[in-house]
Every structure is written in structure tokens, then in C-alpha cells.
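Residues per chain, in single letters:
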Amino acid sequence: MAALAGACGGIGEVCTLELGARFTPADTAIQVGQTFQASVRLSSCGGKQQLNDVITWHAEDPAVASVDGRSGRVAAQAVGTTRILASGAHYGSVGGLQVTVRAAEP
């Protein structure tokens, strides 16, 4: 995670906290064939300052779950576990979420 420094709110207040990333959903489990929308919220100053970046998504194992690199739409492909990772054009790698794919119920 990137370290940030800058004004955070009050006069003379300096923010030196690290970049925060909150993923929605958090680690999750879905069935083969299901999809969901991944998103990430970036912040600094302990969450007081919201940050913007252009996010690109990718899957560690696209055979288990694929992800649209631009939209963050995740599709379960096969039983297993993988991570869906996010990278920002400005902040670089910001983390990811774990996806467990289970067999579709009959």
C-alpha cells in the first residue's frame, strides 16, 4: 500500500496514514455460473479523505473466476478459490478480495 502525506482536515492537521482500500463485497462465496460486481473505495487519513483512481481488475486464477478488467464484474467459472485484485492508475496495487466458487446446486 502506498503511504500518503498531505492536509487532512483541520488547519495544521497533517495526514500521514497509509492508503486504505475497502472492497465490496468483502471475501465472498458464489456458485458456478453466478456473477457479482466488485468495487473498491480508496481513502486516507483514517477514512476521512476519499480518493479517486482509475481501477483495473484481474483474477489470479481466471479458470476459477474471471473478471472484466474495466468494470469489475466477476463471473464464477469453476469450483475453487482465487483472488480478484485491483490496481489503480495512480496508486498501483490496492489489494483484492478472495472468491470461493462452489458447485452449482442441482
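Everything here concerns the structure above.
Residues numbered from 1 in each chain as written. Predicted model: local features only at pLDDT ≥ 70, side-chain atom pairs only at ≥ 80, totals over all residues. Heavy atoms only, no water.

## A few points about the overall build of the protein
In step 1: When helices and strands are counted, the protein shows 0 helices and 12 strands.
In step 2: If you list the helices and strands of the protein from N to C, you get β-β-β-β-β-β-β-β-β-β-β-β.
In step 3: Residue burial in the protein is summarised as follows: out of 106 residues, 33% are buried.
In step 4: When contacts within the protein are restricted to residue pairs at least 6 apart in sequence, long-range pairs at least 24 apart make up 47% of them.
In step 5: Here the protein has roughly 6100 Å² of accessible surface; of this, 51% comes from carbon and sulfur atoms. (Helix = DSSP H or I, 4+ residues; strand = E, 2+ residues; numbered from the N terminus. Buried < 20%, exposed > 50% of the residue type's maximum accessible area, 1.4 Å probe, protein only. Contact = heavy atoms within 4.5 Å. Areas by Shrake-Rupley, 256 points an atom, 1.4 Å probe, with all protein chains shown as cover.)

## Here's the deal with the nonpolar core
In step 1: Among the nonpolar cores identified, the biggest contains 23 residues, and Leu42, Trp57, Ile84 and Val99 are the most heavily contacted of them.
In step 2: Counting residues per element, the ones that place at least two in this core are strand E6 (39–44), strand E8 (55–59), strand E9 (65–67), strand E10 (73–76), strand E11 (80–88) and strand E12 (92–102).
In step 3: Ranked by residue count, the leading element in this core is E12, at 4 residues.
In step 4: Once residues within four sequence positions are removed from consideration, Leu42 is found in contact with Leu19, Gly20, Ala21, Gln49, Gln50, Leu51, Asp53, Ile55, Tyr91 and Val94. (Core = buried A, V, L, I, M, F, W, Y, C linked by side-chain atoms within 4.5 Å.)

## Regarding the sheet that holds strand E5 (residues 35–37)
In step 1: Spatially, 3 strands are ordered E5-E10-E9 in an open sheet, and the strand pairing comes out antiparallel. Across the chains shown, the open sheet's two edge strands, defined by having one partner strand only, are E5 and E9. When the angles between neighbouring strand axes are averaged without regard to direction, this sheet yields 20 degrees.
In step 2: As judged from the 3 bridges shared by E9 and E10, these two strands associate in the antiparallel manner. Following the sheet pairing, Ala65 is matched in E10 by Ala76. (Pairing = 2+ DSSP bridges. Axes fitted to C-alpha atoms, helices over the stretch in contact; angles between N-to-C directions.)

## Overview of the sheet that holds strand E7 (residues 49–51)
In step 1: In spatial order, the strands read E3-E6-E7; together these 3 strands make up an open sheet with antiparallel pairing. Pairing within the sheet leaves two strands with one partner each, and these edge strands are strand E3 (20–24) and E7. When the angles between neighbouring strand axes are averaged without regard to direction, this sheet yields 35 degrees.

## Quick word on the environment of Val32
In step 1: Along the chain, the position of Val32 falls in the loop between strand E4 (28–31) and E5.
In step 2: Residues Val32 and Ala76, 44 residues apart in the sequence, show an inter-C-alpha distance of 4.8 Å.

By themselves, these figures tell us nothing about what the structure is for.
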